[in-house]
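Secondary and tertiary structure notes
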Amino acid sequence: MIHGHSLPNRTPVGAYALAAMLLATVALVPADDEKDRAQALYDYYEKACIEKGWRKVVVKVGDRDRQLMWRGPEGAWKHGAVIAMHGGGGTYSNFGAGLPLGEPMVEFGSLAVEKGFAVFSPDSTDGGATDAEGRSCGKRWDCVAVDGRENIDLPFIETVITQTIPELRPPNSAKHVFITGISNGGFMTVLAATHFPEKITAFAVVSAGDPYGTTMDMGTHPPRERQKAPGVFRDNETHRQVNEERAAVADAYPNEKAWPDRPGARKPPFKQFHHEGDGACDISCMKKAQRQLVAHGYPDDGAFIIGNIGRRSVWKHFWQKQYNEPLIEFFMKCVKKN
């Protein structure tokens, strides 16, 4: 059921809620009632998405009901479908409706549809993913390699690729499938693309790093402090939080988790989008992911990096409007090559 709440667009609670949605590493400590206020915003923007033409779908994956929002152009999908994943603490409405700070994500969703792509925005679980110690990761994707258990989100993404999208695809549509995501969703983008390389055409990573060389540590900022996005991400080699400068700078990567073995599989190209002044996921994390992807045979289209002026800032971690055109152009270029 959808519940509407008449909340203004530019309130302080709105700014904090959006930051919780997108930033996995920002030390925001909400008051006890912030969870309810954030949920009210989630409900409000979910309703706004539906009013704008997005459709809600519930997908059965194992014993879980998973949900997503999607929107496509009228008629055939000229260039295929894009799976777009929200950041830590976020929701599937982020690419359809949101606060002013998230408007570039909304613009991306609209631009992709305008250019002939269908956009599928899946929703992460809330408390389903856990760190290596079994502690809840909050409203996040299960986005880093963890030994000893199955990933809870990879089967969902695979189901969206192999069942949901084909079932909703109109006749005469292109069958290309692309993946993108920001922050926690960007880590998940790399994880999914490297598990299902033969099923996607290309992928784009926004404000994120290497899921095989990063660990989620939920003990640093427990859920009582940050209900929707507790904990921090740490680099496996330096053990530094990813928001620190040079967090992922190392001479070698002996603590890298094993990458999927896909002998003979086509490796899709990738493009990264990052702000040089990102104060939530340092640019060294992006460069580490870039180095590892290339080492594992994924063609690099070249990173789109916004140069920094002034201090590093968590606000430079948000999806930037400058990313939209080149990201869509990258996907369209990959359509032409295939």
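This one's a predicted model, so the numbers in the text were calculated from it and none came from an experiment.

To continue, consider the state of the cysteines. With the rule as written, the count across this model stands at zero disulfides. The thiol of cysteine 143 is unpaired, and the distance to the nearest cysteine sulfur, on cysteine 137, comes to 7.7 Å.

Counting through the fold element by element, serine 183 comes out in the loop between strand E7 (177-182) and helix H5 (184-195). Within the structure, serine 183 has its side chain in polar contact with the side chain of histidine 317 (distance 2.8 Å).

Here we take up the pairing of strand E1 (residues 55-61). As paired strands, E1 and strand E2 (residues 64-71) are joined by seven bridges and run antiparallel to one another. Bridging from a neighbouring strand, valine 58 pairs with glutamine 67 of E2. A loop of two residues connects E1 with E2, the two strands running antiparallel in sequence, and glycine 62 in this loop sits at a positive phi of about 65°.

On to the sheet that holds strand E3 (residues 80-85). Reading across the sheet, the eight strands line up as E1-E2-E4-E3-E7-E8-E11-E12 and stay open at both edges, with mixed pairing between neighbours. Each end of this open sheet is capped by a strand with a single partner; those strands are E1 and strand E12 (304-306). Neighbouring strand axes in the sheet, compared pairwise and without regard to direction, differ in orientation by 20° on average. In this sheet, strand E11 (residues 270-275) lies alongside strand E8 (residues 202-206) in parallel orientation, the contact comprising four bridges. Looking at the pairing, alanine 204 lines up with lysine 271 of E11. Along the sheet face, helix H3 (residues 103-114) touches E2, E3, strand E4 (117-122) and E7 and points at about 145° away from the line of E4.

Turning our eyes to something else, we now look at helix H7 (residues 324-337). Here H7 is 14 residues long and its end C-alpha atoms lie 20 Å apart, about the 20 Å a rise of 1.5 Å per residue gives. Of the residues making up H7, those classed as buried are Asn324, Pro326, Leu327, Ile328, Phe330, Phe331, Cys334 and Val335.

Take H3 next. The terminal C-alpha atoms of H3, which comprises twelve residues, lie 16 Å apart, in line with the 16 Å expected from a rise of 1.5 Å per residue. Following H3 by one or two positions, glycine 116 has its phi on the positive side, about 105°.

We now examine the confidence of the model for the protein chain. Confidence in the prediction for the protein chain averages 89 pLDDT; 88% of positions are at 70 or higher. The model gives residues 1-31 a pLDDT under 50, and that stretch makes 88 contacts with residues more than four places away or in other chains.

A positive phi angle, close to 70°, is found at asparagine 172, a residue other than glycine. Relative to the helices and strands, asparagine 172 resides in the loop between helix H4 (154-168) and E7. If you check the backbone angles, serine 207 has positive phi at about 55° while not being a glycine. As for its placement among the helices and strands, serine 207 is situated in the loop between E8 and strand E9 (214-217). Taking the relative accessible area as the measure of exposure, serine 207 reaches 1% and is therefore buried.

Conventions adopted
Every chain begins its residue count from 1, and numbering advances along the sequence as written. The predicted nature of this model means local features are confined to residues of pLDDT at least 70 and side-chain atom pairs, given and counted, to a pLDDT of 80 or more, with totals for whole chains, interfaces and linings taken over all residues. The side-chain numbers reported here are obtained from all heavy atoms of the structure, hydrogens and water having been left aside. The term disulfide is used for any two cysteine sulfur atoms that are within 2.5 Å. Helix and strand assignments follow DSSP, with helices taken as H or I runs no shorter than four residues and strands as E runs no shorter than two, numbered in order from the N terminus. A 3.5 Å cut-off defines polar contacts: any pair of N or O atoms within that distance qualifies, except that in protein one atom must be a possible hydrogen donor and the other a possible acceptor, and neighbouring residues in sequence count only when both atoms are side-chain atoms. Two strands are counted as paired when DSSP detects at least two bridges linking them. Between N-to-C directions, angles cover 0 to 180 degrees, with each direction set by a line fitted to C-alpha atoms, over the stretch in contact for helices. Any pair of residues with heavy atoms lying within 4.5 Å of one another is described as a contacting pair. To estimate the expected span of a helix, count its residues, drop one, and scale the result by 1.5 Å. A 1.4 Å probe rolled over the protein chains alone gives each residue an accessible area, and that area as a share of the maximum for its type sets the label: buried under 20%, exposed over 50%, partly exposed in between. A score from 0 to 100, pLDDT tells how confident the predictor is in each residue.

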